[in-house]
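Structural overview
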Amino acid sequence: VNADQNPSGAYQPPSIAMGAESAPIVQQPTFKFSDAEKKKIRSVFDKCDADKNGVVSLEELMNAVTGSSSIAETLGIPPDVAKGTDNGLKDLFLSLDVDGSAGLDPDEFAQFFAERQEILMFLPEDGDEARNDLVQEQWKKAFFFPNKDKFASILAGIMHPPAMDACVEGLDDQCKLPPQLKPFGYYAYTVGLPIERFEEAGKELRALVKQLVVEKGGAYDDASEAAWTSVWSLFVGIMKRGYRDAQADAKVAAAANVEAAKAAEKAKADEKAAAEAAAKEAKNAADKAGTEEAKAAAEAAAKAAEAKA
């Protein structure tokens, strides 16, 4: 998810550059995480640290990502790299192993998330597992193919069709969905959608889930409403990031357009001034030429008169 690749095609994590002969050139970690984010990262780290010695070895990383697609997706490791079909996973490990100790400590491991804050927002905190399990259970109960159009009719108001399909099919996989939500928000701004529409769509979505769960004989109580409200608030939070990014880009573009207009106006004014200066110079030259010609004619007439005299 959001994996960067170098020209050779080998996988690289964000902010990691591979040099000649695949020798890792590591930029020292500079990204700062909040205490809550560090706690979430540590939870993933502990799942990979099989022997609980405080570092994740290459073998442990390989076992973790091949044994759990969820961990691989959380870390942003593409399937072909996770399966070890090439040296991508080893190169990735070496690029993160800043101190060359053959093991990733928690700080080095955290760089998996340096540019994946959206994933961190979705990783559960203590007590969130029950909420997520409830949402996924009810989602599976409410969403089956005949109901796809019902969800699509709600989401169509905030997403373009490809994104809408991905959201409908991805609500039951919280590792795959977050990277797509930010572009949803960006798109919404570009088409003039009010940001308030995200909240409205969430209310409509929850009402539809409740209706369908009850129709299937399930229960949708206050805990269900709280769980869905919490999860949708995460969705909205990430979509708003994309929305604000689009706003910022539009502001930059508008400023650039203003500067371009100013530059064009200045160029036009400079061109006009240059043309006026050239015209004035030409007129002065013509006037001077006319004066000198008249003077020469007068001198010639004087000389002629003197000769006659």
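Residues numbered from 1 in each chain as written. Predicted model: local features only at pLDDT ≥ 70, side-chain atom pairs only at ≥ 80, totals over all residues. Heavy atoms only, no water.

A closer look at the overall build of the chain
- Within the chain, the regular secondary structure consists of 13 helices and 4 strands.
- Residues classed as buried in the chain amount to 35% of the 309 residues present.
- Considering only residue pairs separated by 6 or more positions, the chain has 69% of its internal contacts joining residues 24 or more positions apart.
- Carbon and sulfur atoms make up 54% of the accessible area of the chain, which totals about 17,400 Å². (Helix = DSSP H or I, 4+ residues; strand = E, 2+ residues; numbered from the N terminus. Buried < 20%, exposed > 50% of the residue type's maximum accessible area, 1.4 Å probe, protein only. Contact = heavy atoms within 4.5 Å. Areas by Shrake-Rupley, 256 points an atom, 1.4 Å probe, with all protein chains shown as cover.)

Some words on helix 2 (residues 58-67)
- Those residues of helix 2 not exposed but buried are Glu60, Leu61, Ala64 and Val65. Along helix 2, the residues classed as buried sweep out an arc of 120 degrees about the axis, all on the same side. Among the exposed residues of helix 2, those pointing more than 90 degrees away from its buried face are Glu59, Thr66 and Gly67.
- Tucked into the core, helix 2 has its buried residues touching helix 1 (35-48), helix 3 (69-75), helix 4 (79-82) and helix 5 (88-96). (Arc of directions from axis to C-beta.)

Concerning helix 1
- Taking 1.5 Å as the rise per residue, helix 1 with 14 residues should run 20 Å; its terminal C-alpha atoms sit 20 Å apart, in good agreement.
- The complete set of buried residues in helix 1 reads Lys40, Ile41, Val44, Phe45 and Cys48. Angularly, the buried residues of helix 1 cover 145 degrees about the axis, an arc narrow enough to put them on a single face. Residues of helix 1 that are exposed and point more than 90 degrees away from the buried face comprise Asp35, Lys39 and Lys47. (Expected span 1.5 Å × (residues − 1).)

Let's talk about the packing of aromatic side chains
- Overall, the coordinates contain 5 aromatic pairs when judged by the stated rule.
- Ring geometry for Phe45 against Phe109: centres 5.3 Å apart, planes inclined by 85 degrees, an arrangement best described as edge-to-face. Of this pair, Phe45 sits in helix 1 while Phe109 sits in helix 6 (residues 106-110); the two residues are 64 residues apart in sequence, bridging distant segments of the chain.
- Taking the relative accessible area as the measure of exposure, Phe45 reaches 1% and is therefore buried.
- The class for Phe109 is buried, based on a relative accessible area of 0%. (Phe/Tyr/Trp six-rings, centres within 6.5 Å; stacked < 30°, edge-to-face > 60°.)

Focus: the packing of helix 2 against helix 5
- Between helix 2 and helix 5, the least distance of the axes is 10 Å, while the angle of their chain directions is 130 degrees. Between helix 2 and helix 5, the angle is such that the two are oblique. Two packed elements cross with a definite hand, and for helix 2 against helix 5 that hand is right-handed. Residue-level contacts link Leu58, Leu61, Met62 and Val65 of helix 2 to Leu89, Lys90 and Phe93 of helix 5.
- Its residues assigned to classes, the contact of helix 2 with helix 5 shows 6 nonpolar, no polar and 1 charged. (Axes fitted to C-alpha atoms, helices over the stretch in contact; angles between N-to-C directions. Parallel < 35°, antiparallel > 145°, perpendicular 65-115°, else oblique. Left-handed = near helix turned anticlockwise from the far one by under 90°. Nonpolar A, V, L, I, M, F, W, Y, C, P; charged D, E, K, R; others polar.)

Quick word on the nonpolar core
- Membership of the largest hydrophobic core comes to 27 residues, with the highest contact counts inside it found for Leu61, Val65, Leu75, Ile77, Phe109, Phe112 and Phe113.
- Those elements that place two or more of their residues in this core are helix 1, helix 2, helix 3, helix 4, helix 5, helix 6 and helix 7 (117-122).
- Core analysis: the next-biggest nonpolar cluster, separate from the first, contains 21 residues, Val135, Trp139, Ala188 and Tyr220 among them. (Core = buried A, V, L, I, M, F, W, Y, C linked by side-chain atoms within 4.5 Å.)

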